[in-house]
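Coordinate inspection notes
The residues making up each chain are set out below.
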Amino acid sequence: MRVELKQWTQKDRADLVRISNSADRSYLSNRLPYPYTEKNGDWWLNMVSQNEGKDGIFRAVTADGKIVGNISVERKSDVYEKDGEIGYLLAEEFRGRGIMSRAVELVCPIAFEQLGLARITGMVYEPNGASRKVLEKNGFVLEGIMKQAVWKNEKLYDLLVYGKYKES
């Protein structure tokens, strides 16, 4: 399976809505609306077009030419401007195939180069073993655990903080 990243365009709105509605939300932020509507997609694609390459790298994840996920690295602000936070989601039917591991491998060099980052941070809910593996396979190091930091679906989770550093 060929995994590639492509820049989002307005023509991709239907795919964005489809993958956002088909992702497993167990370990995603509640700020991702559900159901995800065309209006949500329009807002997000407009934000991406304004911030691409300046405050973030935003890519559609494709497998054999079909959009199956989303990945981004967003620059933090103020004294944290040399750090970016990575986030990703994958349509549920494509999980377990190594797609997101490859997408993370592809996006990190772009983010380091275009955003001038020194590090990329990944935040993972403790029970999310799949996401932990994705980061670890890509050289992210577990830096710490924020105890009882996430309240999601009436459960309290520890938050694992991972870091990857620009190679000198």
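Here's the deal with the pairing of strand β2 (residues 56-63)
Among the eight residues of β2, eight are classified as buried, and the element is accordingly described as predominantly covered. Burial of β2 is two-sided: the residues Gly56, Phe58, Ala60 and Thr62 facing one way and the residues Ile57, Arg59, Val61 and Ala63 facing the other way are all buried. Note that strand β1 (residues 3-7) and β2 share five bridges and pair antiparallel. When the bridges of β2 are listed, Lys6 appears paired with Ala60. Examined bridge by bridge, β2 and strand β3 (residues 66-75) share eight bridges and lie antiparallel to one another. The residue of β3 that forms the bridge with Ile57 is Val73. As consecutive antiparallel partners, β2 and β3 are separated by two residues, and within that stretch Asp64 has a phi angle of approximately 50°, a positive value.

Here's the deal with the nonpolar core
Within the largest apolar cluster, 45 residues are counted, with the highest numbers of intra-cluster contacts made by Trp8, Trp44, Val61, Ile71, Ile86 and Ile120. Among the elements that make up this core, the one with the highest residue count is helix α3 (residues 99-115) (nine residues). Discounting residues that sit within four places of it in the chain, Trp44 has contacts with Trp8, Leu16, Tyr36, Phe58 and Asn70.

Remarks on helix α4 (residues 129-137)
If you check which residues of α4 are buried, you get Ser131, Val134 and Leu135. Buried residues along α4 cover an arc of 90° about the axis, so they all sit on one side. The outward face of α4, more than 90 degrees from its buried face, is lined by the exposed residues Lys133 and Lys137. Of the surrounding secondary structure, the elements contacted by the buried residues of α4 are β4 (83-90), α3, β5 (119-125) and β7 (155-165).

Things to note about unusual backbone geometry
Cis geometry is adopted by the peptide bond preceding Pro35, which originates at Tyr34 and carries an omega value of -5°. Positive phi, close to 50°, is recorded for Asp64, a residue that is not glycine. Relative to the elements of secondary structure, Asp64 occurs in the loop between β2 and β3. By relative accessible area, which is 49% here, Asp64 ends up partly exposed. For Glu154, which is not glycine, the phi dihedral falls at a positive 65°. Within the fold, Glu154 resides in the loop between β6 (141-152) and β7.

Rules and cut-offs
Along each chain, the written sequence defines residue order, and numbers are assigned to residues from 1. Two thresholds apply to this predicted model, a pLDDT of at least 70 for residue-level local features and 80 or more for giving and counting side-chain atom pairs, whereas whole-chain, interface and lining totals are computed over all residues. The basis for every side-chain value is the complete set of heavy atoms in the structure, and neither hydrogens nor water enter the calculation. Burial here depends on accessible area, computed with a 1.4 Å probe over protein chains only, as a share of the maximum for the residue type. Under 20% is buried, over 50% is exposed, and the range in between is partly exposed. Each helix corresponds to a stretch of at least 4 residues labelled H or I by DSSP, and each strand to a stretch of at least 2 residues labelled E; elements are numbered beginning at the N terminus. Criterion used throughout: strands pair if DSSP finds at least two bridges between them. What is meant by a nonpolar core is a set of buried Ala, Val, Leu, Ile, Met, Phe, Trp, Tyr and Cys residues, joined one to another through side-chain atoms within 4.5 Å. In this analysis, two residues are considered to be in contact whenever any of their non-hydrogen atoms come within 4.5 Å of each other. Arc definition: it is the arc formed by the directions from the helix axis to the C-beta atoms.

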